[in-house]
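# Summary of the model geometry
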Amino acid sequence: MSTKSLSGFLMGVCAAAGAAASTCPPGRFDPLDGSNCVPAPIGSYVPTPGASAATPAPAGYFVPATGRTYATEAPVGYYVATPGQFAATPAQAGSYVDRTGATSETPAPVGYFTNSPGAVSPTPAPLGYFVGSTGRTVADAAPLGFYVATTGASAPTPVEAGFYTASTGAVSGIGAGMMASPLNMAMDAAQSILSRQNTMVMPDGQSLDVAVTANRTRYDQAGLSAQNNQTINSTAVLLQHTSDQSPTAWKIFGGLADQKLKASTAGSGQGRTWLLGASRGIHWGQAEPLVAAVYAGQSSADIVRNVTELSAAESQIHSASVRVMGVRLSTGIPVQAISARLMLEAGVVHYAQSATAETSSTTGTTAGLQTAKYGQMGIPVFVGFQHQFSAASIQWGVRAELNPNRQLNASLTNAANVYNGTQYSFAVPVGMSSTQAFVAKLRLKEMALGQGLAFNGGAEIEAGSKLNRQQLQMVLAKRW
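One structure accompanies this document, and this report is about it. Each chain carries its own residue numbering, running from 1 in the direction its sequence is written. Given that the model is predicted, a residue must reach a pLDDT of at least 70 before its local features are reported, and side-chain atom pairs must reach 80 or more before they are shown or counted; all residues, however, enter totals for whole chains, interfaces and linings. Processing note: side-chain calculations cover all non-hydrogen atoms of the structure and skip hydrogens and water entirely.

The next thing to look at is the overall build of the protein. A tally of helices and strands in the protein yields two helices and 35 strands. Relative accessibility decides the category of a residue: with a 1.4 Å probe and only protein chains considered, values under 20% of the type maximum give buried, values over 50% give exposed, and everything between is partly exposed. In the protein, which comprises 480 residues, the proportion classed as buried is 44%. Element-wise, carbon and sulfur atoms account for 61% of the exposed surface of the protein, whose accessible area totals about 22400 Å². Helix numbering and strand numbering both begin at the N terminus, where a helix is a DSSP run of H or I of at least 4 residues and a strand a DSSP run of E of at least 2. Surface accessibility in these figures is a Shrake-Rupley result with a 1.4 Å probe; residues are shielded only by whichever protein chains are displayed.

A separate point is the pairing of strand E32 (residues 436-444). Inspection of the sheet shows strand E28 (residues 392-401) paired to E32 by nine bridges, in the antiparallel sense. Bridging across to E32, Ile-394 finds its partner in Leu-442. The pairing criterion for strands is at least two bridges between them, as found by DSSP. Both E32 and strand E34 (residues 453-464) contribute to a ladder of seven bridges, which runs antiparallel. Residue Lys-441 lies in a different strand from E34, and its bridge partner there is Glu-460.

This part covers the packing of aromatic side chains. The description of an aromatic ring pair rests on the distance of the ring centres and on the angle between the ring planes. Ring pairs are drawn from Phe, Tyr and Trp, using the six-membered ring of Trp, whenever the two centres fall within 6.5 Å, and their geometry is named by plane angle: stacked under 30 degrees, edge-to-face over 60, tilted for the rest. Per the stated rule, a full pass over the model turns up one aromatic pair. Seen from their ring centres, Phe-385 and Trp-396 are 5.5 Å apart, and the 40° between their planes marks the pair as tilted. With Phe-385 in strand E27 (residues 380-388) and Trp-396 in strand E28, this pair connects stretches of sequence that are 11 residues apart. Classification of Phe-385 by relative accessible area gives partly exposed; the value is 24%. A cation sits over an aromatic face here: Arg-68 above Tyr-70, 4.6 Å from the ring centre. Charge-over-ring contacts are defined here by two conditions on Lys NZ or Arg CZ: a distance within 6 Å of the ring centre and an angle within 35 degrees of the ring normal. Positioned above the aromatic ring of Phe-382, the side-chain terminus of Lys-441 is 5.8 Å from the ring centre.

Another aspect to go through is the state of the cysteines. Any two cysteine sulfur atoms within 2.5 Å of one another count as a disulfide. Here the structure, examined in full by the defined rule, presents one disulfide. Between the sulfur atoms of Cys-24 and its disulfide partner Cys-37 the distance amounts to 1.8 Å. Between Cys-24 and Cys-37, the disulfide has an S-S torsion of -90° and is therefore left-handed. Remark: Cys-37 occurs in the loop between strand E1 (28-29) and strand E2 (38-39) and Cys-24 occurs in the loop between helix H1 (3-22) and E1; sequence separation between them is 13 residues. A relative accessible area of 1% means that Cys-24 is categorised as buried.

This part is about the nonpolar core. For our purposes a nonpolar core is just a set of buried Ala, Val, Leu, Ile, Met, Phe, Trp, Tyr and Cys residues, chained together by side-chain atoms within 4.5 Å. Counting 20 residues, the largest nonpolar core has Leu-275, Tyr-295, Val-322, Val-324 and Tyr-351 as its most contacted members. For this core, the secondary structure elements donating two or more residues are helix H2 (181-199), strand E20 (230-242), strand E21 (250-263), strand E24 (314-335), strand E25 (340-361) and strand E35 (467-479). At seven residues, H2 tops the list of elements feeding residues into this core. Counting residues in each nonpolar core, the second largest holds seven residues, with Met-185, Tyr-219, Leu-261 and Ile-303 among its members.

Right, let's talk about the pattern of salt bridges for a bit. Put simply, a salt bridge is a Lys or Arg side-chain nitrogen that is within 4 Å of an Asp or Glu carboxyl oxygen. Scanning all chains against the criterion turns up six salt bridges. The closest approach of N and O atoms between Arg-99 and Asp-98, which form a salt bridge, is 3.8 Å. Classification of Arg-99 as partly exposed rests on a relative accessible area of 39%. Where Arg-136 meets Asp-140, a salt bridge forms, and the shortest distance between an N and an O atom there is 3.0 Å. Its relative accessible area of 27% is what places Asp-140 among the partly exposed residues. Taken together, the shared-partner salt bridges connect Arg-399, Glu-460 and Glu-462 into one network.

Bringing the pairing of strand E33 (residues 447-450) into the picture now. Sheet topology places E33 next to E34; three bridges connect them, and they run antiparallel. Bridging across to E34, Gly-450 finds its partner in Leu-453. Hairpin connection from E33 to E34: two residues lie between these consecutive antiparallel strands, with Gln-451 at a positive phi of about 60°.

Before going further, it helps to examine a nonpolar patch on the surface. On the surface, Val-212, Val-237, Leu-239, Met-447, Leu-449, Leu-453 and Leu-476 cluster together to form a nonpolar patch covering roughly 600 Å² of accessible area. For the nonpolar patch, the secondary-structure elements that each account for two or more residues are E20 and E33. Mapped onto the secondary structure, Met-447 falls in strand E33. Owing to a relative accessible area of 45%, Met-447 belongs among the partly exposed residues under this scheme. To count toward a patch, a residue needs a relative accessible area over 30% and no salt bridge; like charges are then connected within 9 Å, while nonpolar side chains (Val, Leu, Ile, Met, Phe, Trp, Tyr) are connected within 5 Å.

Set out below in structure tokens:
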């Protein structure tokens, strides 16, 4: 064989050997030219033959074993954030992954939570609970004085006026019913005395007025059964001394009211309320002065309450003392275009209640003795119009509570297990009105009866979303 033929033969053998050595099957590769085939390491794969390097798994995928020809897509509940991974990462508690091939986890949104790793979707907050931020692992129970009526809530709802919650995690407010009675009675008496103080008509010079009033006030809690409605009948003796008839005259006023309460099958009660105060007009550049009044008083009540929400076989004697302190500013501005006065009224009032409650079964066995102390401060505001006619005046407008203390806690310490030491929480104001309500008042013109006697009367309605209030008043006054 010639030298030329031998050389050609050797070159052909070497080329064939090189081609055979570099053709590795899928899943293997040849990192060194002419070397041997090695399996793709974990985290990488080789999809085609003849590869000289393995391909790292892209983000969203992983390769759990060697010699793989493909990467595995991250399943739901898992994600792969960086290339070249051999395993997917489960979504941590507080997050979820709802698709395959994900490169990141998603924090649970507000109103939702996840409490275990690998979640494929967030869990909505159940009734009575809420989630106020993202990435939460648990839902929070609605605190006292709040409730959550829907799933997936991001915040709790404060109880409306006249309602309360008896525990955390409430799904609705409970009509305060008889539990609000002592505060209702104190508010009702204070408002009646203050309302009468504004309407007394003074003769020339100093005067002393003595008035006897009869009031009937009804509170209806909208949407609730009749046992939550209350009627307060009261008679009161009112006194007022006026220094003179000028708009800036000093007035010293007061009243003592005897009250009886009935609330269908829920119970009944009686109480007394006294109130003392002083007022004076202040000129402020308008046709009518700004009248400033300060007042204080106290109400005592004994309530017999049928505890129907606990057991029909139980009743409760609820004794309470409510202290009242307040400041009120009021004025009227003539509006000639509609022949009326724009009525403005604002104030600050504080009620502090101290109460004891003894619960007994029908057999007479004492089931629990509770004591409670709580207070509330509100900023009542009224804006409306007054129209004066020959025989009467009509006033209408909107009453609201600005920035009230929404949560009114009553920590009950009991001797037994009827309430298990439950802490109650009321809305503010408890029984007087919703935080916003429409008000209309009719006041008859005072009629002189001779011998210094005078008579008038009136009616008032207050309509809110949760509470409606109606009041009738008759007044017989003697003036010296």
